[in-house]
Amino acid sequence: MHDTDVVVTGAGVVAPVGLTPEEYWAALLSGRNGIRPLRRFDPARLPSPLAGEVEGFEPRDHLPARILPQTDLMTQYALYAADRAIAESGFEPSSPLDVGVITASASGGFDFGQRELQHLWHDGPDHVSAFMSFAWFYAVNTGQISIRHDLRGPVGVMVTEQAGGLDAIAHARRKVARGTPMMVTGGMDSSLCPYGLAALTRWGRLSTARDPSAAYLPFDRRAGGHVPGEGGAILTLEEGGAARARGARVYGRIAGYGASFDPPPGSGRPPALIRAVEAALADAGIAAADVALVIADAAADPGLDAEEARTLAAVFGPRGVPVTAPKTLTGRLYSGAAPLDVVTALLALRDGVAPATANVRDVDPELPVDLVLGDPRPITGDAALVVARGAGGFNSAMVVRR
């Protein structure tokens, strides 16, 4: 699809370090850490009290009161971000069929679900909200955005954990390429409740560190798991010629995408991440040398970090491209992480600067990766690669261009 011109014309962001793209970007460049002790509930029974928790977001300031009782916090984030992205795009559809919605979710509305299950257990079924029938569901963000803006074009949801955000954007890109005038897409997650964090703890990949500056350290010799976070980004995609003709602001182009699936553990076959990266470059019609920056998945798991570093070295050469992982300032946002990384990549290309991977100090010398450390680094070029890996073997990669 490298001859397809699909561009980003609007972006809404919800992150632990900002509630707009520019606020988020400024925080990355200054190294402001959004990982801190959790305030939403007492985390004393968790292995670590740390999380990338969104602060300063008051749903009543952004959404009608009637929507709040029927939505989980992740959906309120998604509605706010979609409002911002759609308004920024300036697109005025001639028909509700002109705009569709495809989002990603890794967990659904966990906080809403926990609350209603508590009502069921303590008070009985008559005390369970009727909205429980959909508020917990993976597809609820797609549905609520569609209803709020009367969008009746193509709809869908991707559930491939952290890879899902790129998968959703890629699916929306295909819809635009096939004639839908605009698509609303991205991912948003929020599992920072006892139920959600209990599930994540059982997964076994969470950091147990208690110091925010040493908790999430991908590619570092001290790496010991990731810090959970919440938030994400919602984008509007349009055909480039039409967007420019109406004078829309264009962040950049979704130029290439690839996906793969790892073989089962114990099969003896190698991980398949390299296939996703090579497919994204081929889809974009560019060579590895054209990539100015890679935004890594950055699992902070020694084995997964090594796999990712070896993949990048195989494609770009050992330490052959600047690599950064700004999610060390936000925590891992699951389906919201990669769409936020896409926003980061577009802003990095716009300004010619790569944000640093905060807090990492002792990169494992066995890993052939050129990690941007300390201060932001100037970059030149007009293409960046975003890598995302989802639990269960999902791999996705996306090329964006200035």
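Residues numbered from 1 in each chain as written. Predicted model: local features only at pLDDT ≥ 70, side-chain atom pairs only at ≥ 80, totals over all residues. Heavy atoms only, no water.

**Q** So what about the packing of aromatic side chains? Which residues, and what values?
**A** Per the counting criterion, the structure on display carries five aromatic pairs. A ring pair is formed by F57 and Y77, whose centres lie 5.0 Å apart and whose planes are at 75°; its orientation type is edge-to-face. Within this pair, whereas F57 is found in the loop between β3 (50-52) and α2 (73-89), its partner Y77 is found in helix α2, the two being separated by 20 residues in sequence. For the pair F57 and Y77, one class covers both residues: buried. A ring pair is formed by F57 and Y80, whose centres lie 5.4 Å apart and whose planes are at 75°; its orientation type is edge-to-face. Of this pair, F57 sits in the loop between β3 and α2 while Y80 sits in helix α2; the two residues are 23 residues apart in sequence, bridging distant segments of the chain. Here F57 and Y80 have matching classes, each one buried. Sitting over the face of the ring of Y251, R249 holds its NZ or CZ atom 4.2 Å from the ring centroid. (Phe/Tyr/Trp six-rings, centres within 6.5 Å; stacked < 30°, edge-to-face > 60°. Helix = DSSP H or I, 4+ residues; strand = E, 2+ residues; numbered from the N terminus. Buried < 20%, exposed > 50% of the residue type's maximum accessible area, 1.4 Å probe, protein only. Lys NZ or Arg CZ within 6 Å of the ring centre and 35° of its normal.)

**Q** An account of the nonpolar core is needed here, citing residue identities and associated values.
**A** Soluble globular proteins tend to bury their nonpolar side chains together. Within the largest apolar cluster, 51 residues are counted, with the highest numbers of intra-cluster contacts made by L235, L237, I254, V342, M398 and V400. Among the elements that make up this core, the one with the highest residue count is helix α11 (residues 337-351) (10 residues). The residues that make up this core include at least three from each of domain 1 (6-246) and domain 2 (256-401). Leaving out residues up to four positions away in the same chain, V342 has contacts with L166, I169, L235, I254, V386, M398 and V400. (Core = buried A, V, L, I, M, F, W, Y, C linked by side-chain atoms within 4.5 Å. Domains from an automatic or database assignment. Contact = heavy atoms within 4.5 Å.)

**Q** Account for the pattern of salt bridges, naming residues and giving values.
**A** Inspection of the entire model under this criterion finds 24 salt bridges. Between D5 and R253 there is a salt bridge whose closest N-O contact spans 4.0 Å. Of this pair, D5 sits in the segment before β1 (6-14) while R253 sits in strand β8 (residues 252-261), placing them 248 residues apart in sequence. Linking D297 and R332 is a salt bridge whose minimum nitrogen-to-oxygen distance equals 3.1 Å. Of this pair, D297 sits in the loop between β9 (293-295) and α10 (302-316) while R332 sits in the loop between β10 (322-324) and α11, placing them 35 residues apart in sequence. Each member of the pair, D297 together with R332, is buried. Each of E22, E88, R249, R350 and D351 takes part in a single network of salt bridges with overlapping partners. (Salt bridge = Lys/Arg side-chain N within 4 Å of Asp/Glu carboxyl O.)

**Q** Explain the pairing of strand β4 (residues 99-104) to me, using residue names and the numbers behind them.
**A** Buried residues dominate β4, accounting for six of its six residues. In β4, alternate side chains face the same way, and those of V99, V101 and T103 on one face and G100, I102 and A104 on the other are all buried. Examined bridge by bridge, β4 and strand β6 (residues 182-189) share six bridges and lie parallel to one another. Across the sheet, the residue bridging to V101 is V184, located in β6. Looking at chain direction, β4 and strand β5 (residues 155-158) are connected through four bridges and run parallel. Residue pairing across strands places V101 opposite V155, the latter belonging to β5. (Pairing = 2+ DSSP bridges.)

**Q** Describe the sheet that holds β1, with residues and values.
**A** Taken in spatial order, the 11 strands of this open sheet run β5-β4-β6-β7-β1-β8-β15-β14-β9-β10-β12, and their pairing is mixed. One side of each edge strand has no neighbouring strand; the edge strands of this open sheet are β5 and β12 (370-371). Across eight bridges, strand β14 (residues 383-390) lies against strand β15 (residues 394-401) in antiparallel orientation. Note on β15: the bridge partner recorded for A384 is V400. Contacts from helix α6 (residues 164-177) reach β1, β4, β5, β6, β7 (231-239), β8, β14 and β15, with the element oriented near 120° to β8. Seen against the sheet, α11 touches β1, β6, β7, β8, β9, β14 and β15 and runs at an angle of roughly 165° to β14. (Axes fitted to C-alpha atoms, helices over the stretch in contact; angles between N-to-C directions.)

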